[in-house]
Amino acid sequence: MLTFSDIPAWLGTRHEEAKEIGRGFRSAFVAVGSVHRFHAEALLDRSLFEHSASLVLDGVLRCSLHDGLVRLYEEGDVLMGVPPVAQINSEFAGELLVCDGERLRERAASDRGFGDRWIRLLELHAEIMHGLCGVYVRPDVQPIVHLERWARGDCIISEGDLSQDIYVMIDGEARVLYEGREVGIVRANELFGEMSFLIEQPRLATVVAMSECVVHRVRGEEFNLLLATRPSLAVDMARTMAWRITRLNQVVEAA
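Conventions used here
Each residue is numbered by its place in its chain's sequence as written, counting from 1. Since the coordinates come from a predicted model, pLDDT governs what is reported: local features require at least 70, and pairs of side-chain atoms require 80 or more to be given and counted, while whole-chain, interface and lining totals use all residues. Hydrogens and water are ignored here; the side-chain numbers use all heavy atoms of the structure. Paired strands are those between which DSSP finds at least two bridges. Put simply, DSSP marks the helices as runs of H or I at least four residues long and the strands as runs of E at least two long, and each gets a number from the N terminus on. With axes taken as lines fitted to C-alpha atoms, and helix axes fitted only over the stretch in contact, angles between N-to-C directions fall between 0 and 180 degrees. Any pair of residues with heavy atoms lying within 4.5 Å of one another is described as a contacting pair. Note on exposure labels: buried denotes an accessible area under 20% of the residue type's maximum, exposed denotes more than 50%, and partly exposed covers the range between, all computed with a 1.4 Å probe on protein chains only. Arc, as used here, means the arc of the directions from the helix axis to the C-beta atoms. Any N or O atom pair separated by 3.5 Å or less is treated as a polar contact, with the protein-specific requirement of one donor-capable and one acceptor-capable atom, and with residues adjacent in sequence counted only for side-chain atom pairs. We define a nonpolar core as any set of buried Ala, Val, Leu, Ile, Met, Phe, Trp, Tyr and Cys residues linked to one another through side-chain atoms lying within 4.5 Å. Surface patches are defined over residues having more than 30% relative accessible area and no salt bridge, joining like charges when they lie within 9 Å and nonpolar side chains (Val, Leu, Ile, Met, Phe, Trp, Tyr) when within 5 Å. Per-residue and other accessible areas follow the Shrake-Rupley method at a 1.4 Å probe size, with only the shown protein chains counted as cover for residues. Basic side-chain nitrogens of Lys or Arg form a salt bridge, by our definition, when they fall within 4 Å of a carboxyl oxygen of Asp or Glu.

**Remarks on the sheet that holds strand β6 (residues 87-89)**
Pairing is antiparallel across the open sheet formed by three strands, whose spatial order is β4-β3-β6. What marks the edges here is a single partner per strand, and that holds for β4 (68-73) and β6. For this sheet, the mean angle separating the axes of adjacent strands, direction not counted, is 25°. Across three bridges, strand β3 (residues 61-65) lies against β6 in antiparallel orientation. Bridging across to β6, R62 finds its partner in N89.

**Description of the side chain of E194**
Following the sequence through the fold, E194 ends up in helix α6 (residues 194-199). If sequence neighbours within four positions are ignored, E194 has contacts with I166, M237, T240, M241 and R244.

**Re unusual backbone geometry**
Its identity as a non-glycine residue notwithstanding, E41 has a phi of 65°, on the positive side. Checked against the element boundaries, E41 lands in the loop between β1 (33-38) and α3 (47-50). On the basis of relative accessible area, E41 is assigned to the exposed category, the value being 59%. With phi around 50°, E179 is a residue other than glycine that occupies positive phi space.

**Observations concerning helix α4 (residues 101-110)**
What α4 keeps buried is the set G101, L104 and A108. Each buried residue of α4 sits inside an arc of 60° when the element is viewed along its axis, so together they form one side. What points out from α4, more than 90 degrees from its buried face, is the exposed set A109 and S110. Two to three positions downstream of the cap, the backbone nitrogen of E102 sits 3.1 Å from a side-chain oxygen, assigning the N-cap of α4 to D100.

**Here's the deal with the environment of D100**
Relative to the helices and strands, D100 resides in strand β7 (residues 94-100). Sequence spacing of D100 and H51 is 49 residues, and the spatial spacing of their C-alpha atoms is 6.4 Å. Excluding its chain neighbours within four sequence positions, the residues that come into contact with D100 are V32, H51 and S52. A polar contact is formed between the side chain of D100 and the backbone nitrogen of E102, at a distance of 3.1 Å. At a separation of 3.1 Å, a polar atom in the side chain of D100 contacts the main-chain amide nitrogen of R103.

**Structural notes on the nonpolar core**
Counting residues in hydrophobic clusters, the biggest one holds 39 residues, and the most contacted among them are F29, L61, L79, L96 and W118. Among the elements that take part in this core, helix α5 (residues 112-135) stands out by supplying seven residues, more than any other. Ignoring sequence-local partners within four residues, the contact set of L79 consists of F49, S52, A53, S54, V56, L61, Y73, I88 and L96.

**Considerations on a nonpolar patch on the surface**
A contiguous nonpolar surface patch, about 230 Å² in accessible area, is contributed by L198, I199 and L204. Relative to the helices and strands, L204 is located in the loop between α6 and β14 (206-209). Classification of L204 as partly exposed rests on a relative accessible area of 35%.

**Looking at the pairing of β3**
Within β3, five of the five residues are buried, which leaves the element mostly enclosed by the surrounding structure. Of the two faces of β3, the one lined by L61, C63 and L65 and the one lined by R62 and S64 are each fully buried. Strand direction decides the pairing type here: β3 and β4, joined by five bridges, are antiparallel. Along β4, the bridge assignment pairs C63 with R71.

**Thoughts on the sheet that holds strand β5 (residues 78-79)**
An order of β1-β7-β2-β5 is seen for the four strands of this open sheet, with the pairing classed as antiparallel. Strands at the two margins of the open sheet, each flanked by one partner only, are β1 and β5. Here strand β2 (residues 52-58) pairs with β5 via two bridges, running antiparallel. Paired with S54 across the strands is L79, a residue of β5. Where α4 meets the sheet, it contacts β2 and β7, and its direction lies at approximately 60° from that of β7.

**Digging into the pattern of salt bridges**
Applying the stated criterion to the full structure yields 15 salt bridges. One salt bridge connects R217 with D165, and the closest N-O pair in it is separated by 3.1 Å. With R217 in strand β15 (residues 213-218) and D165 in the loop between β9 (155-157) and β10 (166-171), the pair connects residues that are 52 residues apart, well separated along the chain. Overall, the relative accessible area of 11% leaves D165 in the buried class.

This is how it looks when you write it as structure tokens:
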């Protein structure tokens, strides 16, 4: 949903609940909707969201207000209740399953089970959007979003590289290799690349995509600003790095 933010735990819980409901709506959306394909770097027409709900089938969309990231939508997320002044775009091509809102309301009226879940989804989206707007009240501390897509087998980070950018895995998994040996797995919502950033040294390990991956990259200089304004990020990074160092020591000792 979001990265590099002090997101309250309740927001994450509601996002997971909303995504689970969205996945369950796929068959209902297919029955009354149509597939809309969007292109890389395209700004989606706002009229697409004014009287409809859209299920993300493929790709990652971002919702921005005044150039500040508010929310990321990925596969299984439903777009609804998008603020009128928000912009929706993507750096990649993808697909949406777009459903007319009136037809969905008719289905909700005739199917009690569907109707209860539909109302719950509306409640969740209202809570999530209000909560996220509360988190993002300071656009001056928002990083520039760089989303990247990597195919299975691609090398996201190479041992010895000088880059000190920080990454978050949005979707997919990747192997962490040290001197050719696997020392860990990076999964969705996990940071990686933080060690080189903190010690200002070349990359200590290689990260290779195990599946198609979408990652959020933040430049090192931008991340410095985030650390200054959100100290809790430093605690999360320290925990992650301690775990990875422990795992690396175990691998080295076993060799």
